[in-house]
Amino acid sequence: MDGAHTHLALGLNGLNIVLKYLKQTIFAKIVIKINSYKELHMKKVQQGFTLIELMIVVAIIGILAAVAIPSYQDYTKRAHVSEGFGLASAAKTGVAEYYASEGVFPTNNDLAGVATAASISGNAVTSVGIGAAGVVTITYNTKVDAVTGSTVTLTPTDQGGSMTWICAGDVATKLRPANCR
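Just so it is clear, the model here is predicted, and its values are computed rather than measured.

### With respect to the confidence of the model for the protein chain
Per-residue confidence for the protein chain gives a mean pLDDT of 83, with 75% of residues at or over 70. Across residues 4–10, confidence stays below pLDDT 50; counting only partners more than four residues off in sequence or on other chains, it has zero contacts.

Encoded structure:
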């Protein structure tokens, strides 16, 4: 039995040596393959973008621009229209004060106690004037519409102690503030 154990121990030891050798050679080959794959992959990554990838990016940018530019133009026009409403607030206050003290609507800027129509102007507004029955007229330049002289009118109405304003005009409805649509 003692010899059998020795023979078995030598056999197991030899088997361990063979397995160790196989592990080293197989592992080395796998590492070599992985390294060569990495090098190949790195070379491929460093080549840059393909033509089709660049064309796809250009197409996506074109689609985004086609959507964004008209929206931005509407946004800037709405900002210009809002500027007119800001400039008209002093005229509206003058009309309301005149009506409260006199019982009738003023017919011009002077009666309402505001500057002349031409002097109330801005980046996109050429004038803010007060006309018959206290109607406030905001006149815009071509930044709002291609036609010079587009207007929005604000007509005052007495509601038994409070005043409301009816909005009208030839400026596109989508460009007006929400309370003027």
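### Details of the pattern of salt bridges
Overall, the coordinates contain one salt bridge when judged by the stated rule. Measuring nitrogen to oxygen at the nearest pair gives 3.5 Å for the salt bridge that ties Lys-174 to Asp-74. Taken together, the positions of Lys-174 in the segment after strand 4 (163–169) and Asp-74 in helix 2 (residues 51–102) put the pair 100 residues apart, joining distant regions of the chain.

### A few points about the pairing of strand 3 (residues 151–158)
Pairing geometry for strand 2 (residues 136–140) and strand 3, over four bridges, is antiparallel. Its bridge partner being in strand 3, Thr-139 is matched across the sheet by Thr-151. Note that strand 3 and strand 4 share seven bridges and pair antiparallel. Looking across to strand 4, one finds that Leu-154 is bridged to Cys-167. Counting the residues between successive antiparallel strands, the hairpin from strand 3 to strand 4 contains four residues, one of them, Gly-160, with a positive phi of roughly 70°.

### Describing the nonpolar core
In this structure, Phe-85, Val-128, Val-136, Ile-138, Tyr-140, Val-152 and Leu-154 are the most contacted members of the largest nonpolar core, which totals 22 residues. Per-element accounting of this core gives the leading share, five residues, to helix 2. Leu-154 has contacts with Phe-85, Ala-88, Lys-92, Gly-134, Val-135, Val-136, Ile-138, Trp-165, Ile-166 and Cys-167, leaving out every residue within four places of it along the chain.

Scoring rules and cut-offs
Residues numbered from 1 in each chain as written. Predicted model: local features only at pLDDT ≥ 70, side-chain atom pairs only at ≥ 80, totals over all residues. Heavy atoms only, no water. pLDDT = per-residue confidence, 0-100. Contact = heavy atoms within 4.5 Å. Salt bridge = Lys/Arg side-chain N within 4 Å of Asp/Glu carboxyl O. Helix = DSSP H or I, 4+ residues; strand = E, 2+ residues; numbered from the N terminus. Pairing = 2+ DSSP bridges. Core = buried A, V, L, I, M, F, W, Y, C linked by side-chain atoms within 4.5 Å. Buried < 20%, exposed > 50% of the residue type's maximum accessible area, 1.4 Å probe, protein only.

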